Amino acid sequence: MSRQQLAVQRARKSFQTGKTKPLESRIHQLRNLLRFVTERRRDIAEAVKKDLSKSEHGTELFETLGVEGEIKLAIEKLAEWAAPRPVEKSLLTISDEVFMHPEPLGVVLIIGAWNYPWAVTLQPLVGAIAAGNAAVIKPSEVCCHSAKVMEELLPQYLDKDLYPVVTGGVPETQELLRQRFDHIFYTGSSAVGKLVMEAAARNLTPVTLELGGKSPCYIDKNCDITVACRRITWGKFVNCGQTCIAPDYVLCDPSIQNRVQEEIKNCIKEFYTDDPKTFEDYGRIINKRHFKRIMALMEGSTVVVGGDSDESQCYIAPTVLKNVTGESKVMKEEIFGPLLPIITVSGVDEAIQFINEREKPLVIYVFSNDNKLIKRVIAETSSGALLANDCLVHFTVSSLPFGGVGNSGMGCYHGRYGFDQLSHMRSCLIKQLKMEGVNSMRYPPHTAKKLGWARFFLLKQINLGRLRRMMLLAMFVGVASFVHQVLFQS
Amino acid sequence: MESQSQVLERLRTAFESGVTIPEKFRRTQLTNLMSMIKDNEEQIVNALHKDLTKPKFEAILSEVDIVMNELHYALSNLTSWMQPEYVSKNLATKLDDCFVRREPLGVVLIIGPWNYPMQLLILPMIGAIAAGNCVVIKPSEVSAATDNLITELMPKYLSKDCYAVVRGGPKETQALLKNRFDHIFYTGSQAVARVVLQAAAVHLTPVTLELGGKCPCLIYGRVNATAAAHRLVWAKFFNAGQSCVAPDYVLCSKATRDALVPALRQVLEDFYGSDIQKSPDMSRIVTPKHWTRLMGLLNRTKGKVVVGGEHDEKDRYIAPTVVVDVAEDDALMEEEIFGPILPILTIESLEESIKLTKRKEKPLAFYVFSDESSVVKKVLENSSSGGFCSNDGIVHMALPGLPFGGVGNSGFGHYHGHWGFEAFSHRRAVMLRGWALEKLNALRYPPYSDEKLSWLRWTTSPKSCSIM
């Protein structure tokens, strides 16, 4: 039996003992996860520094802060999320209990990505634990230091059987995908997303796919361009552009193109100094393969800011490109690097058209003072999310669902959405064996009279407050006994 | 005649024009759909009778009224469903607008089955229309009369640009699945579901699968055998057992079984008379192939037939049949029965029964009959299934407030009522930030520092907004 099979089998056996059902045990694991993130802050930061050259502050800001927030929210809200959810009733079910019962799915597979190795692996795990599942965690092998730390340290805090960490490359992941899971949560590229979904099809396993795309950023010429460019510069060059929701490219009117270029150039200097290469808070490309890929994207466009690189360090300077069109190499795939192309469009109409000619992205950014314009972009485009006048920060609002649509993914998470995504909402109707007389109108032999009554009672829907419900119940009991009498007499 | 790709191109152009977005358009289409059902009730009942010998009563209740009800529900609630949902924020985002918008997905495909050919095709379609999508429906060719009727009626009532019927068998369906849709809604079997999912993976198309399974019916503790028998017979033999949520098999103690079997016999006579084949209230098996399959199960069972067993191949008739002394490895326990055969397995303890159900795949529905609420609770908490109903069968799926769907092998995703609207919508997160407070933003810009970080922690924690 392979290592992967064993891990899944153990997780399933452990899940079947029922130990994840009590809320206290889930909260206990969540508290342990919180302890892990706070106690092992140093280890996590060191690993991320080795993987992505991210500074310790950068790691805390972009990785662990979010995870901590999610864990605390889950602990606080778990009782509310996991409680039975009542729904409205019909006339005939007035005296019955009708509710949705959130239940765990079973064993969930979480496949993490390398760009935020902790955030995109642990945040889904929070949802999985809260919902009462066991989870097999497969960190990306590309961020090898973080994967190693996760493999070594996580089992010291979480139940080893319920939440095993399984590391490995492509063959190991493929072996994992051959096993049966009750849900697969994948963060990564659309290409691999298709393979994951295909593998899941074998076992009819539902999937959540958090993919990517080219997230456009439209700058209206009448907005505060200075502030806009500050926020865009920040959003773009965090993690060296290796963020699924980074503004991929800018669309703006030719009349402001030079100004945008200048402002971004100034911001880069302000944030990352004259020499980002030596600056602690500027990262690196994850590996040589991606370095080469990103460098090749610059072909055919003009570098107006940055452009310098150092392959030995996988360093690419914060770079702005112009003379870019829809056909340029840099527009053929998600950049996932520190290159910011500026494409000129003659107004919001052309911007919307440009965006709609392409696959639905994970997010659309629009910078404008004009609410009507923003509303138009919302109404005439489609994307996972839309953020006006800033970048990235919608990720931090746990009451907003985070996910894609079309090529950028399916399903969503964060906060309660994570809990719901990894639960089964079981519909429950609790009836009694009493009031059988009322049921008789639906039984054969069928008569026209019975049909008339059944049509009225069985299917009419009512949304009621409790008092009105009592009143109606009294009236209904009276009517029901009348009906009962009538039917038994005829 | 239009090819499949021509149909899809037409629908996609219509969707991209934005015509399905306004509420008024959706209301008009839903109202027209209502007229379609109302105006043609008799033809619908006749088509269903042709396909399944469905009694008029069953057709009205489970194919006409349930659809009308769903339409009324959608029309009453459409405005509120379409409203943006404002959400809570943290301190750093207090001055921003954060809401979730429900948006249509685009062009969706709904593949219907043959057992409730109107309901299981039109009910999801209502959700899809309400959510603002263009819809391709593929009725089951097995229920041919209904297929014909829907193909004839739909273009007369609904916008031809936005909604299309595509017909055919497995070959045409496979060709259809090669196209790109924005959502696929499939009701049917596990085997075909795998094919659907694999086709969907090519385009990263999200899917809803409404499948089946063996829905167990546990009868334990103190129980009113007569009342239970009434409800069990009604739920089991409705549509001659060809319902995805029909109680598939019964688990009970010997004593319960001995009280139950005569009650079942009596109820069957009360409902259908002494010559059930002559009763107008009993359906037939849909095709000779399925009739043969069911007779095969009856021939291979090692249990004892105590009620029914009569059959008539030409009429595709199988009498409501009860089989006792059925073991866990019996032929009747291999696959979903989907017919009028009720196996009763005798298991003395509730715990053992629950264990048996855990050895099987998760079903679409789980039933328990008992006057003891502790028994009901125990079963609820130690089982998993799409839905759960105590002391009755099927009726839980008629409540639009409850999501209807499976889990594990019985499917994923759900619909009915608001859930149907959600199934065919994208929940888009929208955040509208202001231009002010740029100084506050400075906390997050490099160069990073410990001080900046601790301020940020405070402003972005969910707790901090309780101060405001």
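The structure displayed is predicted, hence computed values, not measured ones. (Residues numbered from 1 in each chain as written. Chains lettered and ligands numbered in written order. Predicted model: local features only at pLDDT ≥ 70, side-chain atom pairs only at ≥ 80, totals over all residues. Heavy atoms only, no water.)

Novice: Explain the overall build of chain B to me, using residue names and the numbers behind them.
Specialist: Across its full length, chain B holds 16 helices and 18 strands. If one aligns the C-alpha atoms of chain B with their principal axes, the spans along those axes are about 85 × 55 × 35 Å. Relative to its 468 residues, chain B shows a buried fraction of 64%. Summarising the internal contacts of chain B: among those between residues at least 6 apart in sequence, 72% fall at separations of at least 24. By element, 55% of the accessible surface of chain B is carried by carbon and sulfur atoms, the whole surface being about 17100 Å². With 52 positive and 52 negative side-chain charges, chain B shows a separation of 5 Å between the mean positions of the two kinds. (Helix = DSSP H or I, 4+ residues; strand = E, 2+ residues; numbered from the N terminus. Buried < 20%, exposed > 50% of the residue type's maximum accessible area, 1.4 Å probe, protein only. Contact = heavy atoms within 4.5 Å. Areas by Shrake-Rupley, 256 points an atom, 1.4 Å probe, with all protein chains shown as cover. Lys, Arg positive; Asp, Glu negative; His and termini not counted. Charge placed at Lys NZ, Arg CZ, Asp CG, Glu CD.)

Novice: Give me the lowdown on the nonpolar core, citing residues and values where you can.
Specialist: Core analysis: the biggest nonpolar cluster contains 341 residues, and A:L33, A:F36, A:L125, A:L154, A:F367 and B:M154 have the highest contact counts within it. Top element by residues in this core is helix α4 (residues 56-82) of chain B. It accounts for 14 residues. Other than its neighbours up to four places away in sequence, B:M154 contacts B:L33, B:M36, B:I122, B:M125, B:I137 and B:V165. (Core = buried A, V, L, I, M, F, W, Y, C linked by side-chain atoms within 4.5 Å.)

Novice: So what about the UniProt feature "active site" (unreviewed entry) in chain B? Which residues, and what values?
Specialist: Residue and element names in this part refer to chain B. Taken from the UniProt record, the annotation "active site" (unreviewed entry) applies to E210 and C244. A stretch of 35 residues holds the annotated residues, and the largest C-alpha distance among them is 9.0 Å, short enough that they meet in one place. In this fold, E210 is placed in strand β7 (residues 207-210). Taking relative accessible area as the criterion, E210 reaches 2% and is therefore assigned buried. Each residue touching E210, except ones within four places of it in the same chain, is listed here: F185, Y186, T187, G188, F404, G405, S410, G413, H414 and Y415. Checked against the element boundaries, C244 lands in the loop between α9 (225-237) and β9 (247-252). Under the relative-accessibility criterion, C244 is labelled buried at 13%. Every residue in contact with C244, bar those within four places of it in the chain, is listed here: N115, L211, C215, E336, F338 and L364. (UniProt positions renumbered as here; feature names shortened; annotations may be inferred.)

Novice: I'd like a rundown of the domain arrangement of chain A, residues and numbers included.
Specialist: One widely used convention gives an interface's size as the accessible area the parts lose upon coming together. Residue and element names in this part refer to chain A. Under the domain assignment, chain A is made up of domain 1 (3-211 + 413-426), domain 2 (216-401) and domain 3 (447-483). Distance between the C-alpha centres of domain 1 and domain 2: 30 Å. Taken together, the contacts link 19 residues of domain 1 with 21 residues of domain 2. Together domain 1 and domain 2 conceal approximately 1800 Å² of surface at their shared face, both sides included; 59% is due to carbon and sulfur atoms. Connecting domain 1 to domain 2 are zero salt bridges. If you look at where domain 1 meets domain 2, you find seven residue pairs in polar contact (both at pLDDT 80 or more). Elements that contribute at least two residues to the side of domain 1 that touches domain 2 include exactly α3 (41-52), α4 (56-82) and α14 (415-421). No other element matches the three residues that α4 contributes to the side of domain 1 that touches domain 2. Partitioning the side of domain 1 that touches domain 2 into residue classes produces 10 nonpolar, six polar and three charged. (Domains from an automatic or database assignment. Buried area = accessible area lost by both parts, 1.4 Å probe. Salt bridge = Lys/Arg side-chain N within 4 Å of Asp/Glu carboxyl O. Polar contact = N/O pair within 3.5 Å; in protein donor to acceptor, adjacent residues only side chain to side chain. Nonpolar A, V, L, I, M, F, W, Y, C, P; charged D, E, K, R; others polar.)

Novice: Hey, could you go over the domain arrangement of chain B for me, with residue numbers and the actual values?
Specialist: Residues and elements named next belong to chain B. By domain assignment, chain B separates into domain 1 (4-212 + 413-426) and domain 2 (216-400). One C-alpha centre belongs to domain 1, the other to domain 2; they are set 31 Å apart. In this complex, domain 1 contributes 21 residues to the contact, which on the side of domain 2 involves 21 residues. Summed over both sides, the interface between domain 1 and domain 2 buries roughly 1900 Å², with carbon and sulfur atoms accounting for 57% of that surface. Of all residues in domain 1, E58, W114 and Y116 give up the largest surface area on contact with domain 2, accounting jointly for 27% of the area buried on that side.

Novice: Explain empty space enclosed by the protein residue by residue, including any values.
Specialist: Evaluation of the coordinates by the stated rule reveals 12 cavities of 30 Å³ or more. One number sums up the size of the second largest cavity: a volume of about 100 Å³. Around the second largest cavity, the lining is made up of 15 residues, and of these A:K54, A:N239, A:D281, A:G283 and B:Y448 lie nearest the centre. Along the lines of polarity and charge, the residues of the lining of the second largest cavity split into eight nonpolar, five polar and two charged. (1 Å grid on protein atoms, 1.4 Å probe; cavity = no way out; pocket = protein on both sides within 12 Å on 5 of 7 lines; lining within 4 Å. Points joined across faces, edges and corners; volume = space filled by probe spheres on them.)

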